[in-house]
Amino acid sequence: MFEFNRMHDNFWGGSMLFSGILWMILLVVLIVVLVFIFMKLSGSSSNTGSDKDSSMSILKERYARGEITEEEYDQRRKKLKED
């Protein structure tokens, strides 16, 4: 009987330890996910250098395809450099 109680205590102690570790891991994962979501949402509204690079490359492509004239290209290029 003594062995059963001792085994039973060890079982619950180990289970609670595992449960605590599991909750800590879940908490860390939740924090990482929330930070990632926050960064994604806050980064999408700002005008970064990569947005300007992308806009400039689109402008160059449109000019190369002949969709806009040289005057339009120069005006828009200057406007992009101002912003």
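Summary of the structure given here. Predicted model only: the values in this text are computed from it and were never measured.

### Here's the deal with the overall build of the protein
No. 1: Secondary structure summary: the protein contains three helices and zero strands in total.
No. 2: Listed by position from the N terminus, the elements making up the protein come as α-α-α.
No. 3: Within the span of the protein, comprising 83 residues, buried residues form 5% of the whole.

### Concerning the environment of Asp-53
No. 1: By secondary structure assignment, the location of Asp-53 is in helix H2 (residues 49-65).
No. 2: The spatial distance from the C-alpha of Asp-53 to the C-alpha of Leu-80 is 9.4 Å, given a sequence separation of 27 residues.

### Concerning the packing of aromatic side chains
No. 1: Scanning the entire structure with this criterion turns up one aromatic pair.
No. 2: Between the aromatic rings of Tyr-63 and Tyr-73, the centroid separation amounts to 4.7 Å while the plane-to-plane angle is 25 degrees, which identifies the pairing as stacked. Of this pair, Tyr-63 sits in helix H2 while Tyr-73 sits in helix H3 (residues 70-82), placing them ten residues apart in sequence.

### Some points on the pattern of salt bridges
No. 1: Going through the model one piece at a time under the given rule, you end up with four salt bridges.
No. 2: Taking the shortest distance from any N to any O, the salt bridge between Arg-62 and Glu-67 comes out at 3.0 Å.
No. 3: A residue is classified by how much of its surface remains accessible, and Glu-67, at 45% relative accessible area, is partly exposed.
No. 4: Residue Arg-77 is joined to Asp-74 by a salt bridge in which the shortest nitrogen-to-oxygen separation is 3.5 Å. In this pair, Arg-77 and Asp-74 both sit in helix H3, three residues apart, roughly one turn of the helix.
No. 5: Residue class for Arg-77 comes out partly exposed when judged on its relative accessible area of 23%.

### Comments concerning a nonpolar patch on the surface
No. 1: Residues Ile-21, Ile-25, Val-29, Val-33, Phe-36, Ile-37 and Leu-41 make up a contiguous nonpolar surface patch of roughly 650 Å² in combined accessible area.
No. 2: Examined against the element boundaries, Ile-25 turns out to sit in helix H1 (residues 2-45).

The rules behind these values
Chains are numbered independently. Their residues run from 1 in the order of the written sequence. Where local features are concerned, this predicted model is filtered to residues with pLDDT of at least 70; where side-chain atom pairs are given and counted, the filter is 80 or more; whole-chain, interface and lining totals use all residues. Calculated side-chain values reflect all of the structure's heavy atoms, with hydrogen atoms and water omitted. Helix numbering and strand numbering both begin at the N terminus, where a helix is a DSSP run of H or I of at least 4 residues and a strand a DSSP run of E of at least 2. Exposed residues in this analysis have more than 50% of their type's maximum accessible area, buried residues have under 20%, and partly exposed residues fall in between, with area computed by a 1.4 Å probe over protein chains only. Side-chain rings of Phe, Tyr and Trp, where Trp is taken by its six-membered ring, are said to pair if the distance between their centres is within 6.5 Å; with planes under 30 degrees apart they count as stacked, over 60 as edge-to-face, and otherwise as tilted. Salt bridges are identified by distance alone: a Lys or Arg side-chain nitrogen within 4 Å of an Asp or Glu carboxyl oxygen. For patch detection, residues must exceed 30% relative accessible area and be free of salt bridges, and they are connected within 9 Å for like charges or within 5 Å for nonpolar side chains (Val, Leu, Ile, Met, Phe, Trp, Tyr). Shrake-Rupley sampling with a 1.4 Å probe provides the accessible areas, and residues are treated as covered by the protein chains on show and by no other component.

The analysis is restricted to geometry; functional conclusions fall outside its scope.
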